[in-house]
Amino acid sequence: MTDLLTLEDVTVRFGGVTALDAVSFVVREGQVCALIGPNGAGKTTAFNAISRLVKPASGRITFAGEYLGHRDPAALSGLGVARTFQNLALWPGMTVLENVMVGRHHRGRVGFASSVLGWPARREDRELQARAYAMLDYFEIADVAHRECKGLPFGTLKRVELARALVAEPRLLLLDEPASGLTHGDVRELGDVLLRLRDEQDMTLLLVEHHMQFVMGISDYVVALDFGRNLVSGTPAELRDSPELVEAYLGTAV
Ligand SMILES: Nc1ncnc2c1ncn2[C@@H]1O[C@H](COP(=O)(O)OP(=O)(O)OP(=O)(O)O)[C@@H](O)[C@H]1O
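Residues numbered from 1 in each chain as written. Predicted model: local features only at pLDDT ≥ 70, side-chain atom pairs only at ≥ 80, totals over all residues.

**Focus on the pairing of strand β2 (residues 17–28)**
Along any regular strand, the residues point their side chains to alternate faces of the sheet.
Then step 1. Relative to β2, strand β1 (residues 3–14) is paired through 8 bridges, and the arrangement is antiparallel. By the bridge assignment for β2, Val-10 is matched with Val-23.
Then step 2. Taking the residues that link successive antiparallel strands as the turn, the β1-β2 hairpin has 2 residues, and the phi of Gly-15 there is positive, at about 55 degrees. (Pairing = 2+ DSSP bridges. Helix = DSSP H or I, 4+ residues; strand = E, 2+ residues; numbered from the N terminus.)

In structure tokens:
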């Protein structure tokens, strides 16, 4: 299995705070990898460094052999990296379909504007729309395609965000706390969906998640951070009884 994403000694500082301190880990192609750790461990910062939303003070991040250091955040989608956010980043006044089509924006030249604004459809635009509908079908939300996101249930909006990330056909999908705020049943369904993405679409997933049972149930590999540093990593079976992990989480709800 090849290495798809590699972080080597990545350090990120915010003023006097060292949010990541020489963190290293590898995400292998075709795996579900989880980034865990107590509050403030540096998980979101690691995601933001991969997404190029924060610039590391030192270290190296490579994706598919390509150094990401000089890349603009907007270029990542074109390289095959998509992400979802902890707090949903959807346009409430736009329809579900429009929100999903935004995810494919980088692929077409004028596709997005013509599709969303209703200009005459080109072949590219029709393909974009067909792909967006296919994603809505996949997530069983096609019935709300033309509803504004505003007012839709949280579980539905989480699916819209996933559909939007996937419409770009990424190789690597970054999921920031995908299970947060979901009901027990929704969490189970989400786990099934993510495993199907790995198994049926050969997708690689990296998720930040606090829901331990969910993480241990779906991950091939787990990387634990604490105080901005690597703590332990391994398969869920290897980490289940890790004393370091137990100690790091001692006194925190998991
Ligand atoms: N923009 C920022 N400015 C200053 N400090 C920051 C900033 N972002 C994060 N930090 C600090 O960096 C450290 C790591 O934060 P980060 O949000 O990455 O942790 P986390 O593991 O994602 O936590 P949580 O599970 O609570 O989301 C914390 O001490 C946090 O206060």
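**Thoughts on unusual backbone geometry**
Then step 1. The phi torsion at Asp-9 lies on the positive side, around 50 degrees, for a residue other than glycine.
Then step 2. Counting through the fold element by element, Asp-9 comes out in strand β1.
Then step 3. The phi torsion at Glu-140 lies on the positive side, around 55 degrees, for a residue other than glycine.
Then step 4. Mapped onto the elements, Glu-140 comes out in the loop between α5 (123–138) and α6 (154–166).

**Quick word on helix α1 (residues 43–50)**
Each α-helix winds once per 3.6 residues, and so residues spaced three or four apart point in a common direction.
Then step 1. Burial analysis of α1 places 7 of its 8 residues in the buried class, the great majority of the element.
Then step 2. Among the residues of α1, Lys-43, Thr-45, Ala-46, Phe-47, Asn-48, Ala-49 and Ile-50 are the ones counted as buried.
Then step 3. Arg-52 lies just past α1 and shows a positive phi near 70 degrees. (Buried ≥ 20, exposed ≤ 12 C-beta atoms within 10 Å, placed from the backbone.)

**Regarding the site of the ligand**
Then step 1. Residues in close proximity to the ligand include Phe-14, Val-17, Ala-19, Gly-37, Asn-39, Gly-40, Ala-41, Gly-42, Lys-43, Thr-44 and Thr-45, which together make up its full environment.
Then step 2. Sorting the residues of the shell around the ligand by element identifies β2 and α1 as the ones contributing at least two each.
Then step 3. Ranked by residues supplied to the shell around the ligand, first place goes to α1 with 3 residues.
Then step 4. In terms of residue class, the shell around the ligand is made up of 4 nonpolar, 6 polar and 1 charged. (Near = placed C-beta within 6 Å. Nonpolar A, V, L, I, M, F, W, Y, C, P; charged D, E, K, R; others polar.)

**Some details on the environment of Thr-44**
Then step 1. Tracing the backbone shows Thr-44 in helix α1.
Then step 2. Considering only alpha carbons, one finds Thr-44 and Phe-85, 41 residues apart in sequence, at a separation of 9.6 Å.
Then step 3. When near neighbours in sequence (up to four residues on either side) are disregarded, Thr-44 contacts Gln-86, Asp-176 and Val-208. (Contact = placed C-beta atoms within 7 Å.)

**Focus: the nonpolar core**
Then step 1. Among the nonpolar cores identified, the biggest contains 67 residues, and Leu-35, Val-100, Leu-136, Ala-163, Leu-205 and Leu-206 are the most heavily contacted of them.
Then step 2. Ranked by residues supplied to this core, first place goes to α6 with 6 residues.
Then step 3. Ignoring sequence-local partners within four residues, the contact set of Leu-206 consists of Leu-5, Val-27, Cys-33, Leu-35, Leu-172 and Leu-174. (Core = buried A, V, L, I, M, F, W, Y, C linked by C-beta atoms within 7 Å.)

**Re the domain arrangement of the chain**
Then step 1. Annotation of the chain at the domain level lists domain 1 (1–80 + 170–254) and domain 2 (91–167).
Then step 2. Relative to domain 2, the C-alpha centre of domain 1 lies at a distance of 26 Å.
Then step 3. With 9 residues of domain 1 at the interface, the matching set in domain 2 holds 5 residues.
Then step 4. Looking at the side of domain 1 that touches domain 2 residue by residue, the class counts come to 4 nonpolar, 4 polar and 1 charged. (Domains from an automatic or database assignment.)

**Notes on the sheet that holds strand β5 (residues 66–67)**
Then step 1. Judged by pairing direction, the sheet is antiparallel, and its 4 strands sit side by side in the order β2-β1-β4-β5 without closing on themselves. The open sheet is flanked by β2 and β5, the only strands paired with a single partner.
Then step 2. Pairing geometry for β1 and strand β4 (residues 58–63), over 5 bridges, is antiparallel. Across the sheet, residue Leu-7 finds its bridge partner in β4, namely Ile-61.
Then step 3. Lying on the sheet, α1 is in contact with β1, β2 and β4; it crosses β2 at an angle near 65 degrees. (Axes fitted to C-alpha atoms, helices over the stretch in contact; angles between N-to-C directions.)

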